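# Structural overview for review
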Amino acid sequence: MRKIMSSSPVRRPASSFDVFNVYFEQIYDPTMHVVFAFDGEADAGVMREATKRLIASDPYLRSRYAEVDGRPVWEEVPEELWEGAFGLVPAGEVEDLPPPPLDVRSGPQVRVGLYRREEGDLVAVTCHHGFCDAHGALTLARDLFAIYRGIVEDPDFRPVPRVPYDRSTDRIIAHYTGEERTQALAGEEPFVDRWRFPVERTGRGTPRIACRTLPPERLGLAKAFGRRHGATVNDVLIGSFFLALLKIRGDPSDRGAPRSILTSADLRRRYPGLHGECPLTNLSIAYEVTLSAGEEARLEDIIDQVAAITARRKAGSLGLAAILFYEEILAGGMAAVRAFYDEMLGRYQTSGLKNPVLSNIGILDPGDYLPVPGKNGAVLDLRDIQLIPCLSWPYTFLMLASTFRDRLTITTAYEEGPYSTAVMERFLEYVDEYLP
């Protein structure tokens, strides 16, 4: 009798940015969530089908991260595993946010949760930073609602499938000569962890979210303040974040001493063609901002420092050194990647130092997601969009800023126990106080 051989699963290379964002799970939970608050009920059956068709439309979405023969890959998973990608939480069964983590090694790479609430449905679109960055998470949500809308209009609707796309950073590297790459690496200063957010203890706790939404006039004041000082709104956020960290730490040794934070940049905004061609990838990088501030410093005392640093970084080859650094480590194989993270984790655990991170997502435009048909022919409107950042545990701390209908929201996700909820809330209050 002839033995029938089962076919091997389809595999595609994982990029260096994919690999390093997967392995960041050693120091925080890289799951991200975009939560949409509607003013009525969506059709759960259509949302379930839209989720399945979204997964079917993208070869990487329907995959899991794996390492095969020492190579990092995206490996397609059987269709029966897609069923768990949609969940309905009925009214009365309150499930606290943030939603559970997503396992990048199981697949698929998106999960949709529909939460029935008295004031209107919440729809949470969940993904993993090993698969894509915040831009990708928002793209996933946009695609989901477009498919949902298409199915309402035509039950047989299916989106145009994506062919396998380039997830690498090769097109960015190609913008630079060999000499420019060498100079970028030589001129990049290594991150120096100089402080940490106050923690109660190490270990794990209960996932929580702390956030603060400011009225629309505050955004106008921040813009006006920035214009007076030749600074962007992002610069204003960085300065307020930094001063709030000084205040929450209350450490005299911080006064006047150089202290660093990390902030992020989306490389799609810097390189032509990447915005439309690479929506579901990792193309965001972090860079360091090192500032000094004296006792009782105000935002106007440090904003010039912030604006000068960010302008200089944007004028240079922002992101190139980080890309080359990751590519160089990955060239040494997965053992080199694991050694890099083992060393990083050991350093944090020994010193207790880890620079906090600020990520400004920018404007969340409701027009990217609406219209959304509801049940019984109703047309739903959005009350809010909230992006829940990666979950911090010691010694990581991340604050995310986003703007919806001119309302600026600052958010952090953390684990209560290792972190104090009272300290988290007080920190966001300090950021609020320093913002114009």
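Please refer to the structure higher up on the page.
Residues numbered from 1 in each chain as written. Predicted model: local features only at pLDDT ≥ 70, side-chain atom pairs only at ≥ 80, totals over all residues. Heavy atoms only, no water.

## Focus: the overall build of the protein chain
- When its secondary structure is counted, the protein chain shows 12 helices and 18 strands.
- At 22 Å, the protein chain has a C-alpha radius of gyration in line with the 22 Å of a compact globule built from 436 residues.
- Viewed in the frame of its principal axes, the protein chain has a C-alpha envelope of about 75 × 50 × 45 Å.
- Counting across all 436 residues of the protein chain, residues that qualify as buried make up 54%.
- Long-range contacts, defined as pairs at least 24 residues apart, comprise 79% of the intrachain contacts of the protein chain with a sequence gap of at least 6.
- Put simply, the protein chain shows about 19,000 Å² of open surface, and 51% of that area lies on carbon and sulfur atoms.
- Side chains of the protein chain give 50 positive and 62 negative charges; the mean places of these two sets differ by 1 Å. (Helix = DSSP H or I, 4+ residues; strand = E, 2+ residues; numbered from the N terminus. Rg over C-alpha atoms; globule rule 2.2 N^0.38 Å. Buried < 20%, exposed > 50% of the residue type's maximum accessible area, 1.4 Å probe, protein only. Contact = heavy atoms within 4.5 Å. Areas by Shrake-Rupley, 256 points an atom, 1.4 Å probe, with all protein chains shown as cover. Lys, Arg positive; Asp, Glu negative; His and termini not counted. Charge placed at Lys NZ, Arg CZ, Asp CG, Glu CD.)

## Examining the packing of aromatic side chains
- Per the stated rule, a full pass over the model turns up 25 aromatic pairs.
- Each ring, one from Phe24 and one from Tyr28, has its centre 5.8 Å from the other, and the planes form 20°; the classification is stacked. Here Phe24 matches Tyr28 in class, with each residue buried.
- Ring plane angle 45° and centroid distance 5.5 Å describe the contact between Trp195 and Phe242, whose orientation is recorded as tilted. Taken together, the positions of Trp195 in the loop between helix H5 (178-187) and strand E9 (206-213) and Phe242 in helix H7 (residues 233-249) put the pair 47 residues apart, joining distant regions of the chain. Across the pair, Phe242 and Trp195 agree in class, each one buried.
- Here the aromatic residues Phe17, Phe20, Tyr23, Phe24, Tyr28, Phe325, Tyr326, Phe340 and Tyr341 are joined through ring pairs into a cluster of three or more.
- Over the ring of Tyr60 we find Arg12; its NZ or CZ atom is 6.0 Å from the centre of that ring.
- The cationic tip of Arg167 hangs over the ring face of Tyr60; the distance from NZ or CZ to the ring centre is 5.1 Å. (Phe/Tyr/Trp six-rings, centres within 6.5 Å; stacked < 30°, edge-to-face > 60°. Lys NZ or Arg CZ within 6 Å of the ring centre and 35° of its normal.)

## Brief notes about H7
- Given a rise of 1.5 Å per residue, 17 residues ought to cover 24 Å, and the 24 Å separating the end C-alpha atoms of H7 matches this to within 8%.
- Of the residues flanking the end of H7, it is Gly250, one or two places downstream, whose phi is positive at about 60°. (Expected span 1.5 Å × (residues − 1).)

## Comments concerning the pairing of strand E8 (residues 122-128)
- Counting buried positions over the seven residues of E8 gives seven, a clear majority of the element.
- Side chains of E8 alternate between two faces, with Leu122, Ala124, Thr126 and His128 and Val123, Val125 and Cys127 buried alike.
- Sheet analysis places strand E3 (residues 31-38) next to E8, joined by seven bridges and oriented antiparallel. Residue pairing across strands places Met32 opposite Cys127, the latter belonging to E8.
- When strand E7 (residues 111-115) meets E8, the two strands line up antiparallel, connected through five bridges. Within E8, the residue paired with Val112 across the bridge is Val125.
- Hairpin remark: E7 followed by E8, antiparallel, with six residues in the connecting loop; positive phi at Gly120, about 135°. (Pairing = 2+ DSSP bridges.)

## Observations concerning the nonpolar core
- Core analysis: the largest hydrophobic core is formed by 132 residues, its most contacted members being Phe36 and Phe427.
- Apart from residues no more than four positions distant in its own chain, Phe36 is found in contact with Asp121, Leu122, Val123, Val125, Ala141, Phe145, Tyr369, Leu382, Asp384 and Ile385.
- Judged by nonpolar contacts, the second largest core, of nine residues, contains Ala37, Tyr115, Leu122 and Leu391. (Core = buried A, V, L, I, M, F, W, Y, C linked by side-chain atoms within 4.5 Å.)

By themselves, these observations are geometric and do not establish any function.
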